[in-house]
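# Examining the three-dimensional arrangement
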Amino acid sequence: MQSVGPYRFTHMLGTCPVGKAWAAIDEQGRFVTVAVLDAAAANTPGWREAFTGTANAMSQRPGGEAFAYADFYADEPWAAYPAESGPGAEKLFRALGQEYHPVPTAQAGATKQDDSPEPVSGVPRQPSGPPQSVSGPPHPVSAPPQPVSGVPQPTSGAPIAPWALHSGALPSVPPAPPPGDDAPQSPAPVSGAPMDPPPYDPFRAPVRRIKPSEPPPRRTGFWVGLAALVLVVAVASGVGIWAIAGNEQPDPYAPPTGTSTTASSTVAPVEPALKPWAQASLYSPEEKALAVAAPSLVFVEAVFTGYVRDTRTNVLVHPQPVSFIRRCSGFLLAPDGHAVTNGSCVKPAEARARWLAVDALARTLVQAKQLPAGQISAYVAANLGKVRFTGVEPDAEPTSAVYAQLNRAKGNAVAEPAIKAEVVRSLPEDSGNTALIKLARGNLPVVELNPSASLAEGSPVRILAYATSDVAFRNAAYRPQSRNVTITGTSQRGPVSIYLVNEDLGPASHGGIALDSSGRVAGLIYQDQAAPDRANRAILPASTISALLSEAGVANTLGDTDKVYRSGLDAYFSGDSSGAVTQLDRAAAATPDNLLAQAYRQNATERQRLEKASREQSNTLVLVLVGCAGVLLVALVILAVLLIRRRQR
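Attention here is on the structure that accompanies the text. (Residues numbered from 1 in each chain as written. Predicted model: local features only at pLDDT ≥ 70, side-chain atom pairs only at ≥ 80, totals over all residues. Heavy atoms only, no water.)

Per the secondary structure count, the protein includes 14 helices and 21 strands. Split into buried and exposed, the 649 residues of the protein put 40% on the buried side. Pairs at least 24 residues apart make up 66% of the contacts formed inside the protein by residues separated by at least 6 positions. Accessible surface computed for the protein: about 37300 Å², of which carbon and sulfur atoms make up 57%. (Helix = DSSP H or I, 4+ residues; strand = E, 2+ residues; numbered from the N terminus. Buried < 20%, exposed > 50% of the residue type's maximum accessible area, 1.4 Å probe, protein only. Contact = heavy atoms within 4.5 Å. Areas by Shrake-Rupley, 256 points an atom, 1.4 Å probe, with all protein chains shown as cover.)

Turning to a nonpolar patch on the surface, a few remarks are in order. A cluster of nonpolar residues, Leu 633, Val 637 and Val 641, forms a patch on the protein surface that exposes about 260 Å² of accessible area. Here Val 641 is to be found in helix H14 (residues 595-648). According to the relative accessible area criterion, Val 641 is partly exposed, its value standing at 41%. (Patch = residues over 30% accessible without salt bridge, like charges linked within 9 Å, V, L, I, M, F, W, Y side chains within 5 Å. Salt bridge = Lys/Arg side-chain N within 4 Å of Asp/Glu carboxyl O.)

Under the defined criterion, the tally for this structure stands at one disulfide. Through a disulfide, Cys 328 is tied to Cys 345; the S-S separation comes to 2.2 Å. Residues Cys 328 and Cys 345 are joined through a disulfide that is left-handed, its torsion about the S-S bond being -85°. Taken together, the residues Cys 328 in strand S9 (residues 322-332) and Cys 345 in helix H8 (residues 343-346) connect sequence positions 17 residues apart. (Disulfide = S-S within 2.5 Å.)

We now examine the side chain of Asp 71. Structurally, Asp 71 can be placed in strand S5 (residues 69-71). One buried charge, Asp 71, has no salt-bridge partner; the nearest side chain with opposite charge is Arg 48, at 6.6 Å. From its side chain, Asp 71 meets the backbone nitrogen of Tyr 73 in a polar contact 3.1 Å long. Not counting the four nearest positions on each side in its chain, Asp 71 is found in contact with Pro 77, Trp 78, Ser 469 and Val 471. (Lys, Arg positive; Asp, Glu negative; His and termini not counted. Polar contact = N/O pair within 3.5 Å; in protein donor to acceptor, adjacent residues only side chain to side chain.)

Attention now goes to the pattern of salt bridges. Overall, the coordinates contain 17 salt bridges when judged by the stated rule. With a shortest N-O distance of 2.6 Å, Glu 271 and Lys 275 are connected by a salt bridge. According to the relative accessible area criterion, Lys 275 is partly exposed, its value standing at 23%. Residues Arg 483 and Glu 503 are paired through a salt bridge, measuring 3.6 Å at the closest nitrogen-oxygen approach. Separated by 20 residues along the polypeptide, Arg 483 in strand S17 (residues 477-493) and Glu 503 in the loop between strand S18 (496-501) and strand S19 (513-515) bring together distant segments of the chain. Each of Glu 416, Arg 441 and Asp 593 takes part in one network of salt bridges that share partners.

Another point: the environment of Tyr 526. Structurally, Tyr 526 can be placed in strand S20 (residues 521-526). For Tyr 526, a relative accessible area of 1% puts it in the buried group. Between the C-alpha atom of Tyr 526 and that of Ile 539, which follows or precedes it by 13 residues, the distance is 5.1 Å. Engagement of the side chain of Tyr 526 in a polar contact is seen with the backbone oxygen of Glu 429, the distance being 3.4 Å.

Let us now look at unusual backbone geometry. The omega torsion of the bond from Glu 416 to Pro 417 falls at 10°, within 30 degrees of zero and hence cis. Its place among the elements puts Pro 417 in the loop between strand S13 (409-410) and strand S14 (419-426). Despite not being glycine, Asn 412 shows a phi value in the positive range, around 65°. For Asn 412, the location among the structural elements is in the loop between S13 and S14.

On to the packing of helix H12 (residues 560-573) against helix H13 (residues 577-590), then. In contact at an axis separation of 8 Å, H12 and H13 are set at 150° when each is read in the N-to-C sense. The angle between H12 and H13 falls in the class roughly antiparallel. Where H12 crosses over H13, the handedness of that crossing is left-handed. Residue-level inspection shows Thr 561, Val 564, Tyr 565, Ser 567, Gly 568, Leu 569, Ala 571 and Tyr 572 of H12 in contact with H13, the latter providing Gly 579, Ala 580, Gln 583, Leu 584, Arg 586, Ala 587 and Ala 590. The residue makeup of the contact of H12 with H13, split by class, is nine nonpolar, five polar and one charged. (Axes fitted to C-alpha atoms, helices over the stretch in contact; angles between N-to-C directions. Parallel < 35°, antiparallel > 145°, perpendicular 65-115°, else oblique. Left-handed = near helix turned anticlockwise from the far one by under 90°. Nonpolar A, V, L, I, M, F, W, Y, C, P; charged D, E, K, R; others polar.)

In short, the description is geometric, and any link to function would need to be established separately.
Right under this line is the structure:
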């Protein structure tokens, strides 16, 4: 039975050139319509972005069509719309400008539930001109073409004919006149009769008395041919060896894989969560900036647990505790484990925490069949002003637990590799909305702040944060991702100015890094709270983070291992493979959590091996060519000697 995400298809609703609309049902029995973009269209440049942008635009438009769930990173992107809101899948395809064809009711009923959407037979293309008609179907070839035994004849133009060589009629040839008596006659050929002998000369001998000896046969042509043959053999051998060596010669600047090791190496290949060489141009400043900052990125998960009480009577609205989870990104600023993240993630304001608690309670009631699925928003709106979110006692705060993970991360993890953390200090939303947390582990990689970084409208900036493509929230897998965005404007949040950008990396990206060109922190990824979806499309300047650290008495300093790691990267990106191996090996051994130090060490080792192999093959080629040149020189000397001797004779 075909399914996507949490939805199981029941029957097809309609088709269009780039996808299909399906009726589906989720695990709770709720009906939805699902728009699925075919894989062929998704792999065509521009279609996946158009599908994603149109779905998001429909969701954000006032009174628009909001999807329930979607996966725009799947091989066949899809978006699901609640059935009660109407034909959302059809609206999405029509918004894409596609001609939508509903499936007839009888055909829809006859469609099997386990049928998978068929791929589009061809990717739509924009017409570049009027369609060309095909004169006929191609004829199958019954046998391979036979070689032509004669000279090939021209195939284009009119056939060549003798009369085609003349522009007019053929000229007539007048008949030859009959021979006359006064016509000159040719002498008759001699039939073999001897001529009269010459007169006798007594002084002339009948034969030559002295017969000169014949000159020796000349062998210059032989030696010239031999020298030419030696020359051809030498040159051909050199060219052949050069071609073979050129085909087998490794490229020392081939893109690294992050898992390459030498044949004698016993170090296990490393697969880092973020590959900077795949996120930016190879050996570029952007790749280096990502390599510098990425090891310090952390995934933060905060779990809040408490009780929803009536504001007037303190009576529990629900007897069981209510929990909700907040996930965000952060980055380490001190080797002892101090990190900065978004304040509303680890310590939300009371109003925000109460809203999240009531929303979690409504979803709990839906699972218990005590509240219809479509009434969640109405329940929150009706009860939000009547309740409080407290601890076990009415005057107690809800409990919270904060965990951090490096490299790859998994949701709902409380054991290794998750690291327990605590909130040290937090600024409210109108004063920066940042929080300083302390991980219960030291010797961690650190990134530097750049409080004076220049952020201006219209300028590009690279963001780095955690993101996921999983639909299921509870145990979703997260990994670092980066993207180039553009600053589109500014906004004010209390006394703090923030910069708005045109794209984001997803719900868990707030608290991530906005990088400068050298891999330092230019700002913190922030929620655009004025937007309806509160998307993470804003950047808080790094100067606010510096003020938070000063208030907490924490210094942003690089550890000794961080300095060694940066020295290794400097050597790597300057082409010094040997120095890079030495420095990165030290950094990898001192900080096991820095997987990029291990990956770049292996990349440098592999590049060093390729450079050595390239030099060895180049030396062999030089020796071969020198040998060929020597043979050629000897042949030329022999030829010169022979020519000189010939002239002397």
